[in-house]
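Residue-level structure breakdown
Here are the chains, one letter per residue:
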4 protein chains.
Amino acid sequence: MSFNSFGRVFRFTTWGESHGPAIGVVVDGCPPGLSLSEADIQPWLDKRRPGQSRFTTQRQEPDQVRILSGVFEGRTTGTPISLMIDNVDQRSKDYSDVAQAYRPGHADYAYDAKYGFRDYRGGGRSSARETASRVAASAVARLVIPEVTIRAWVSEVGGDAIANFDADQIAANPFFCPDPEAAARWEASIDAARKAGSSLGAVVECEATGVPAGWGAPLYAKLDSELAAAAMSINAVKGVEIGDGFAAARLRGEENADRMRPGTGAPDFDSNHAGGIAGGISTGQPVRLRVAFKPTSSILTPVETVTRSGEAAEIATKGRHDPCVGIRGVPVVEAMMALVLADQKLLHRAQCG
Amino acid sequence: MSFNSFGRVFRFTTWGESHGPAIGVVVDGCPPGLSLSEADIQPWLDKRRPGQSRFTTQRQEPDQVRILSGVFEGRTTGTPISLMIDNVDQRSKDYSDVAQAYRPGHADYAYDAKYGFRDYRGGGRSSARETASRVAASAVARLVIPEVTIRAWVSEVGGDAIANFDADQIAANPFFCPDPEAAARWEASIDAARKAGSSLGAVVECEATGVPAGWGAPLYAKLDSELAAAAMSINAVKGVEIGDGFAAARLRGEENADRMRPGTGAPDFDSNHAGGIAGGISTGQPVRLRVAFKPTSSILTPVETVTRSGEAAEIATKGRHDPCVGIRGVPVVEAMMALVLADQKLLHRAQCG
Amino acid sequence: MSFNSFGRVFRFTTWGESHGPAIGVVVDGCPPGLSLSEADIQPWLDKRRPGQSRFTTQRQEPDQVRILSGVFEGRTTGTPISLMIDNVDQRSKDYSDVAQAYRPGHADYAYDAKYGFRDYRGGGRSSARETASRVAASAVARLVIPEVTIRAWVSEVGGDAIANFDADQIAANPFFCPDPEAAARWEASIDAARKAGSSLGAVVECEATGVPAGWGAPLYAKLDSELAAAAMSINAVKGVEIGDGFAAARLRGEENADRMRPGTGAPDFDSNHAGGIAGGISTGQPVRLRVAFKPTSSILTPVETVTRSGEAAEIATKGRHDPCVGIRGVPVVEAMMALVLADQKLLHRAQCG
Amino acid sequence: MSFNSFGRVFRFTTWGESHGPAIGVVVDGCPPGLSLSEADIQPWLDKRRPGQSRFTTQRQEPDQVRILSGVFEGRTTGTPISLMIDNVDQRSKDYSDVAQAYRPGHADYAYDAKYGFRDYRGGGRSSARETASRVAASAVARLVIPEVTIRAWVSEVGGDAIANFDADQIAANPFFCPDPEAAARWEASIDAARKAGSSLGAVVECEATGVPAGWGAPLYAKLDSELAAAAMSINAVKGVEIGDGFAAARLRGEENADRMRPGTGAPDFDSNHAGGIAGGISTGQPVRLRVAFKPTSSILTPVETVTRSGEAAEIATKGRHDPCVGIRGVPVVEAMMALVLADQKLLHRAQCG
């Protein structure tokens with residue numbers, strides 16, 4: 001029931017604000033005996049880390065993770081794993097603008113309406129900084145599902161989509177872009193947006209291969225339902241698709257059918273419109289997820305708004321921000337995929353042995 | 001943790017299969033003292049009921065609901081409300097085809113892979129018949145949120161979208177279509193698909209007005225995250241959008257910003273790209289949800305598949321089916337909206353008084 | 001989070017009131033493939049059934065259970081199992097007394113204070129009739145833990161304890177008493193209490209053998225913590241002990257230590273003060289639980305009370321009641337033991353494989 | 001579902017081991033706007049802190065708590081409150097005995113059986129050191145229920161019970177004993193036990209006044225059921241009673257009835273056998289809880305056991321330990337009472353407004 005926890009058996013709870021002393025996550029329900037050290041977690045955090053190119057926020061956070069519990073002599077004990085990351089680069093800027101006026105597109109107004117006040121420093125709890133905790137937790141989740149390979153990439157920036165897919169290219173540019181030509185175009189468009197005080201949206205795709213048939217628990221713990229909740233919980237996400245998603249709504253029944261043929265052990269599928277999930281249960285095909293990120297709401301261009309006391313104002317966000325937040329969403333989407341799959345694997349084992 | 005329950009404080013649990021003696025739902029956590037009788041529930045079930053036009057399945061189910069507990073002298077007591085609907089029209093057809101071979105696009109193979117066997121009669125638990133239970137539960141949920149008005153409609157069938165929106169038209173045609181010209185076109189295209197042994201997908205949109213600012217519980221009980229899970233748990237749904245959804249990924253920051261101006265009591269917003277939710281919390285604007293339904297997988301056109309023993313086969317689904325299942329998704333999407341909002345209202349009251 | 005659900009993976013939800021049309025339970029998370037029919041459930045309900053001797057309430061309920069879902073061709077499918085029991089003998093008595101005045105020891109006043117009103121017919125939801133649902137659910141739970149044998153008995157009535165233990169005697173008298181001499185004394189004392197318009201309390205003991213070491217999930221899903229919650233949720237229960245319970249508080253450390261010696265496979269324990277649980281985890285020894293039932297609050301002897309409007313009154317409960325409700329607690333305590341153990345077995349399998 | 005979380009709306013998750021770098025707790029669901037600083041938490045930790053007299057373990061832990069999140073400008077924000085306590089006095093002793101052999105009465109064997117191995121340093125996760133996290137969390141809980149006063153004391157040590165009750169005495173001796181004469185006797189008996197390498201059990205009583213009628217959620221979130229689970233989750237607890245507990249099983253119905261008379265606003269009760277709870281709901285009377293603590297299992301007296309490899313051994317626990325662990329249970333029982341009541345208050349508000 002916790003508001004800040006996710007998962008059922010493999011379950012994590014995050015805490016921390018953008019400008020508090022630290023952020024962290026408690027991972028509960030992890031199987032015992034898994035080999036785990038900070039070195040298993042750090043690479044995933046490094047992949048998400050800000051300040052690595054001019055296309056992401058210039059906030060410099062080392063994001064050094066510490067394991068505070070749940071590991072003994074290099075192995076998980078089955079007890080809660082507490083991970084902590086210190087906040088280092090909390091620039092002592094002047095927050096009086098944000099404290100007084102609501103930034104459109106941000107959670108400022110909603111938080112005030114709900115809680116009566118808010119920690120306005122860097123967005124407080126609503127900051128995407130929280131996603132570092134998820135990424136840390138996902139490093140543990142990956143140990144639970146060694147049979148699964150997860151890969152995400154950006155397929156579209158500002159409406160400009162990739163035309164080719166070369167997996168080897170994903171790590172070769174700062175956009176997690178599998179198409180070098182698209183990457184070149186995005187470099188220009190993101191630079192232009194940044195210089196114009198604007199920002200761009202993006203689409204992230206994620207694929208998990210190696211998921212065996214049978215994970216997912218109908219009806220209200222369906223694998224696709226859990227993935228949708230997981231993805232939509234990420235900052236700036238406004239849409240989620242499984243398999244063909246909205247495009248499936250434009251297919252005819254016989255086009256959308258993933259035909260089966262005799263295979264080795266399991267059937268071979270002719271296509272994967274379903275994105276590897278039928279009736280909420282994995283089919284053994286790759287699990288495919290698409291996620292829409294809105295353009296960063298923090299922009300230099302001033303926009304009309306109101307103050308806390310209800311007066312008209314203009315606000316421009318001068319802090320350090322990602323011109324296209326969807327790019328840094330790639331490791332976060334991967335993280336949520338890993339976290340959901342680890343949980344569903346254990347759930348399946350619970351019920352079906 | 002239950003697989004077949006949804007919600008946190010206002011929580012429901014559904015049970016039943018397509019061809020069992022009955023289906024039902026237990027609603028827990030309902031506030032006491034609400035006026036409730038079968039007459040409050042029946043109209044919503046009637047709206048979802050099959051067999052009302054040639055554009056939906058011809059299965060004839062009266063869907064007569066009975067309240068078995070939780071109501072005394074016409075008011076909810078605060079204890080579990082058990083609702084039951086008898087299955088009446090379980091045609092004694094020959095299921096040997098479905099028992100032996102997997103229908104592509106259906107959960108047949110996945111259920112077998114997970115559970116080792118399955119109730120193949122009419123899809124068993126994976127049948128959309130279960131959604132009647134949700135609709136019944138939602139009638140109770142609506143009593144919890146009298147301040148909210150929920151309205152859903154079909155905005156696209158087989159890729160053919162509405163061009164106009166007239167709310168009064170929604171109830172005036174069998175497609176929940178707010179555009180009479182589109183309705184006329186859909187009549188033809190659905191008829192054609194049905195006669196061709198095919199089926200069409202659809203997009204359903206839903207809007208909830210009257211939701212006050214402040215509902216939704218970041219980070220893992222965000223209002224949008226809950227709505228995404230709720231929508232994706234519906235049979236045949238493959239995509240979910242909040243507000244502009246994927247279109248937001250094609251906007252620039254300044255286009256996507258929902259500017260605020262001084263209003264009466266609360267700010268006035270110039271636009272609603274966000275779909276009424278920021279940082280997982282409602283903003284007081286209409287909550288907007290879009291849902292993609294794939295084309296019905298049950299089609300007369302034979303498709304290649306395999307049998308339980310792994311041999312090649314062809315299967316055509318001869319039963320009574322909706323040529324466009326998304327149409328009957330309208331009351332179900334409305335139901336899930338109501339159920340999520342009722343729960344979030346109580347959650348908000350729990351934490352914030 | 002549901003108020004009326006219990007368990008984590010193997011989870012049940014009960015519904016229904018004393019004088020509604022029916023009561024029931026939905027069992028979720030049950031493993032697939034278990035052989036189940038009404039005949040597996042009925043014997044446990046019969047054991048609990050009222051009206052079988054003059055020492056229990058004379059309400060005549062056949063307690064005939066029906067399986068409404070979750071079973072196909074005689075086996076559990078892994079989907080929710082809905083069990084329903086019709087209420088038959090709802091005597092149309094005059095409830096005006098109970099409607100107007102609060103019965104001391106009953107939930108009447110508390111329900112009114114919480115919910116604003118209450119279903120006063122036979123105690124409504126607070127009636128022990130609800131325990132039939134638990135017993136029905138426990139029949140399913142027992143299928144999940146075939147390695148475990150559960151046995152409960154009454155060890156004390158009105159302060160008069162057994163002196164001997166002969167397991168074969170438990171079924172040989174209407175008191176579930178393992179000591180024939182005590183049974184004879186209880187017959188007299190319960191008869192006397194009944195005739196005097198009074199009632200007696202009782203202590204029920206329960207032992208589960210065959211529980212392997214390793215079940216239970218520290219810290220807040222400890223096996224003993226779950227058993228305590230389960231037992232205390234039963235009507236009329238006021239105390240719970242694991243192993244030596246309060247007597248352990250009077251032992252010295254070296255007396256209380258359950259010494260171990262080399263055994264076959266697992267250690268042999270010299271004693272079982274701990275009741276088979278250490279650190280919240282089963283040790284492989286018998287799990288031992290003791291439960292205190294207060295005397296039935298429904299007595300013919302008039303007692304002072306107040307009316308709903310706050311005026312002084314006297315009330316005597318004229319309905320059909322158990323003179324010693326603890327006796328019929330035996331199958332209910334067994335049921336809760338089975339339900340907790342089934343859940344913990346699946347939880348352990350989830351985390352530890 | 002988390003194993004290491006407790007509560008439904010007001011929910012906490014603890015982490016950490018006896019000899020890790022730190023322990024901590026994340027409190028979720030706390031209402032916003034409550035005034036909170038470390039100074040509100042520290043006194044409760046100080047009350048529980050070891051090493052304050054020769055009657056408790058000599059481990060010296062300052063138990064200095066830090067608030068890492070969830071508080072802004074001195075007030076709770078409604079987001080997760082992360083509290084951390086460094087472990088300071090982790091004496092670098094030789095753990096080879098405990099690593100190799102199982103201490104009877106401890107969780108050593110059970111943890112090994114469950115997880116395959118264990119963190120043996122100071123008991124790892126099964127150490128009572130974890131209770132500091134609960135006490136820290138309870139300081140937040142107390143802010144949620146300012147209307148409630150909670151008081152616990154030791155009523156029995158080694159079978160020697162108090163004869164008088166003077167609330168002012170509780171803080172006047174190192175035993176939380178309300179009877180100065182009993183305190184004097186306990187001083188002698190605990191000293192003797194310590195010197196003999198033995199230990200004593202104890203009974204702790206707790207009373208919460210100011211709880212309004214109506215808290216508690218039948219049937220499986222009953223106030224007494226939650227308290228039982230909470231109490232039984234504390235290390236070394238083997239028994240729980242509400243109100244008269246087991247003594248109620250020895251009363252007659254008319255003796256056990258808490259008669260009501262017209263009062264001001266609410267009824268006046270003549271007695272409180274029920275311990276302030278009827279049907280799982282508070283009645284407005286003081287909530288009374290009794291808890292049995294077994295004697296400390298860590299004793300100097302050698303006892304027979306087996307090694308990890310199954311061979312016979314003897315083990316004596318040489319570390320620093322409480323000769324009567326129940327004494328330090330007092331602030332922990334109070335903590336669990338506060339945590340349960342805060343949660344139930346919010347739950348009640350959720351459902352009943």
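Summarised in this report is the structure supplied together with it. For clarity, every value in this text was computed on a predicted model and none was experimentally measured. (Residues numbered from 1 in each chain as written. Chains lettered and ligands numbered in written order. Predicted model: local features only at pLDDT ≥ 70, side-chain atom pairs only at ≥ 80, totals over all residues. Heavy atoms only, no water.)

On to the pattern of salt bridges, then. Residue and element names in this part refer to chain A. Tallied over the entire structure, the rule returns 100 salt bridges over all chains. A salt bridge links Arg121 to Asp119; the shortest N-O distance between them is 2.8 Å. Members of the salt-bridge network, linked through shared partners, are Arg103, Asp108, Asp112, Arg118 and Arg308. (Salt bridge = Lys/Arg side-chain N within 4 Å of Asp/Glu carboxyl O.)

Turning to the relation of the copies chain B and chain A, a few remarks are in order. In screw terms, the move from chain B to chain A is a rotation of 180° and a rise of 0.0 Å along the axis, fitting with an RMSD of 0.0 Å. Each copy turns onto its partner about a two-fold axis. (Least-squares fit on C-alpha atoms with pLDDT ≥ 70 in both.)

Turning our eyes to something else, we now look at the interface of chain B and chain A. At the junction of the two partners, chain B supplies 105 residues and chain A supplies 105 residues. Summed over both sides, the interface of chain B with chain A buries roughly 8,100 Å², with 63% coming from carbon and sulfur. Linking chain B with chain A are four salt bridges. Between Arg259 of chain A and Glu304 of chain B there is a salt bridge, and its shortest N-O distance comes to 2.9 Å. The interface formed by chain B and chain A includes 41 residue pairs in polar contact (both at pLDDT 80 or more). In terms of residue count, the dominant contributor to the side of chain B that touches chain A is helix H3 (residues 108-115) of chain B (six residues). Tallied by class, residues from the side of chain B that touches chain A come to 55 nonpolar, 29 polar and 21 charged. Examined bridge by bridge, strand S11 (residues 237-242) of chain A and strand S11 (residues 237-242) of chain B share three bridges and lie antiparallel to one another. (Contact = heavy atoms within 4.5 Å. Buried area = accessible area lost by both parts, 1.4 Å probe. Polar contact = N/O pair within 3.5 Å; in protein donor to acceptor, adjacent residues only side chain to side chain. Helix = DSSP H or I, 4+ residues; strand = E, 2+ residues; numbered from the N terminus. Nonpolar A, V, L, I, M, F, W, Y, C, P; charged D, E, K, R; others polar. Pairing = 2+ DSSP bridges.)

Once that is clear, we can look at the relation of the copies chain C and chain B. Overlaying chain C with chain B gives an RMSD of 0.0 Å, the required rotation being 180° about an axis along which the chain moves by 0.0 Å. When the interface residues of chain C are mapped onto chain B, 100% of them are again interface residues, pointing to one common binding face.

Helix packing for two helices is described by the angle between their axes and how far apart those axes are. Residues and elements named next belong to chain B. Contact pair helix H1 (residues 38-48) / helix H4 (residues 131-144): the axes reach a minimum separation of 9 Å and the direction vectors enclose 140°. In this view, H1 runs oblique relative to H4, as classed from their interaxial angle. Between H1 and H4 the crossing geometry is right-handed. In this structure, H1 uses Asp40, Ile41, Trp44, Leu45 and Arg48 to contact H4, whose residues at the interface are Thr131, Ala132, Val135, Ala136, Ala139 and Arg142. Classifying every residue of the contact of H1 with H4 gives seven nonpolar, one polar and three charged. (Axes fitted to C-alpha atoms, helices over the stretch in contact; angles between N-to-C directions. Parallel < 35°, antiparallel > 145°, perpendicular 65-115°, else oblique. Left-handed = near helix turned anticlockwise from the far one by under 90°.)

Once that is clear, we can look at the interface of chain C and chain B. Each side of the interface is counted separately: chain C has 41 residues, and chain B has 42 residues. Regarding the contact of chain C and chain B, the summed buried area is about 3,400 Å², with carbon and sulfur atoms giving 66% of it. Together, Trp15, Phe72 and Phe117 of chain C form the three largest contributors to the area buried by chain C at its contact with chain B, with a combined 20%. There are zero salt bridges connecting chain C and chain B. Secondary structure elements with two or more residues in the side of chain C that touches chain B: strand S2 (11-16), strand S3 (22-28), strand S6 (75-76), strand S7 (81-86) and helix H3 (108-115) of chain C. Looking at the side of chain C that touches chain B, the element that brings in the most residues is S2 of chain C, giving five residues.

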